[in-house]
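Overview (structure and organization)
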Amino acid sequence: SRLDSMRLILLGPPGAGKGTQAKNLVDHCGIAHISTGDLLRKAVADGTPLGQAAHRFMKAGELVPDDLIIQMVEDRIAEADCAEGFLLDGFPRTVPQADALGEMLKRKGLKIDVVLLLVVDDDDLVRRLSGRRSCSQRGAVYNLVFSPPKRDGICDACGSEALIQREDDKESTVRNRLKVYHNQTGPLIDYYKALGLLKAVDGGGKIETITAQLIEAMNSAAA
Ligand code: AMP
């Protein structure tokens, strides 16, 4: 398959840059971006039943129960913009989610083409997450240390002065999210390695360099 018709997973710990890289990759490839974290934060903001059920888990840095997430993703993948290809960002995060994804695609005669793993060590992640700020208007993401807005406290994209810290980016919650990642999501590395789908990319360094390496990994999977 070519890049504009690929189905891929972007895997990696919280703070590895999945959201930033996901945006770059979907812009480059013209495929749909499915971020379960973004979908959940919207559900919480809208006060939907899903959002109400998910909020307390998210606040504590725990995973939202598999059945809720799996249904949400199945609904999203059925939308028209996902027909040609999509990038999953923040899903799957557990082995049952990965199994369910495999089955829902198989029912449609589809499969995952490649799993890209962003590798960053824990100390770096804590520093990155605590510096992360996002615009409350349209969600542009900054890092006070690595990619600050051009003018202090002001969103480059829309000029808003409402750059906020996610409630789950506070240090105590960050530590729990990393623990949850290692315990529950870590096993997916071997899971996808065994399927021959995993490609690891160093998540340290410049954003554009990492994007280029991810695209190269996609191209070699598409070849
Ligand atoms: P993220 O923006 O990907 O870091 O997700 C933020 C929070 O949403 C996580 O800490 C979880 O509470 C929840 N969440 C996002 N994706 C999933 C998933 N695939 N499974 C369970 N919980 C999730």
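Coordinates for the structure precede this section.
Below is a short write-up of the structure. (Residues numbered from 1 in each chain as written. Predicted model: local features only at pLDDT ≥ 70, side-chain atom pairs only at ≥ 80, totals over all residues. Heavy atoms only, no water.)

Another aspect to go through is the sheet that holds strand E6 (residues 141–143). Two pairing modes exist for strands in a sheet, parallel and antiparallel, and in both the strands are linked by backbone hydrogen bonds. Spatial strand order, E6-E5-E7: 3 strands in an open sheet with antiparallel pairing. Taken across any chain shown, the strands that pair with only one partner, and hence form the sheet edges, are E6 and strand E7 (163–164). Two strands pair when backbone bridges link them, and strand E5 (residues 132–135) and E7 are joined in this way by 2 bridges, in the antiparallel orientation. Looking at the pairing, serine 134 lines up with isoleucine 164 of E7. Where helix H6 (residues 122–131) meets the sheet, its contacts fall on E5 and E6, and the angle it forms with E5 comes to roughly 35 degrees. (Pairing = 2+ DSSP bridges. Helix = DSSP H or I, 4+ residues; strand = E, 2+ residues; numbered from the N terminus. Contact = heavy atoms within 4.5 Å. Axes fitted to C-alpha atoms, helices over the stretch in contact; angles between N-to-C directions.)

One finds Ile9, Phe86, Leu88, Leu101, Ile112, Val115 and Tyr192 to be the most contacted residues of the largest nonpolar core, which totals 31 residues. Where this core is concerned, the elements lending two or more residues are strand E1 (7–11), strand E2 (32–35), helix H3 (49–59), helix H4 (66–77), strand E3 (86–89), helix H5 (95–107), strand E4 (114–119) and helix H8 (187–194). Those residues in contact with tyrosine 192, other than ones at most four positions away along the chain, are Ile9, Pro92, Ala98, Leu101, Val115, Leu197 and Leu198. If you look at the next biggest cluster of nonpolar residues, it comprises 27 residues, including Ile31, Leu118, Val126 and Leu214. (Core = buried A, V, L, I, M, F, W, Y, C linked by side-chain atoms within 4.5 Å. Buried < 20%, exposed > 50% of the residue type's maximum accessible area, 1.4 Å probe, protein only.)

Residues Leu144, Val145 and Phe146 make up a contiguous nonpolar surface patch of about 310 Å² in total accessible area. For phenylalanine 146, the position within the fold is in the loop between E6 and E7. (Patch = residues over 30% accessible without salt bridge, like charges linked within 9 Å, V, L, I, M, F, W, Y side chains within 5 Å. Areas by Shrake-Rupley, 256 points an atom, 1.4 Å probe, with all protein chains shown as cover. Salt bridge = Lys/Arg side-chain N within 4 Å of Asp/Glu carboxyl O.)

The next thing to look at is the pairing of E3. Successive side chains on a regular strand alternate, one facing one side of the sheet and the next facing the other. Side chains of E3 alternate between two faces, with Phe86 and Leu88 and Leu87 and Asp89 buried alike. Here E1 pairs with E3 via 4 bridges, running parallel. Following the sheet pairing, arginine 7 is matched in E3 by phenylalanine 86. Two elements, E2 and E3, share 4 bridges in a ladder whose sense is parallel. From the neighbouring strand, histidine 33 faces E3, where its bridge partner is leucine 87.

What follows deals with the packing of aromatic side chains. This structure, assessed with the given rule, holds 1 aromatic pair. With a centroid separation of 4.9 Å and an interplanar angle of 75 degrees, the aromatic rings of tyrosine 191 and tyrosine 192 are classed as edge-to-face. Overall, tyrosine 191 belongs to the partly exposed group, its relative accessible area being 23%. (Phe/Tyr/Trp six-rings, centres within 6.5 Å; stacked < 30°, edge-to-face > 60°.)

Turning to the pairing of E1, a few remarks are in order. For E1, a buried count of 5 out of 5 residues is recorded, marking the element as mostly surrounded by other parts of the structure. Residues of E1 alternate between two faces, with Arg7, Ile9 and Leu11 on one and Leu8 and Leu10 on the opposite face, all of them buried. Where E1 meets E4, 4 bridges bridge the pair, whose relative direction is parallel. Each residue of the ladder has a partner; that of leucine 10, found in E4, is leucine 116.

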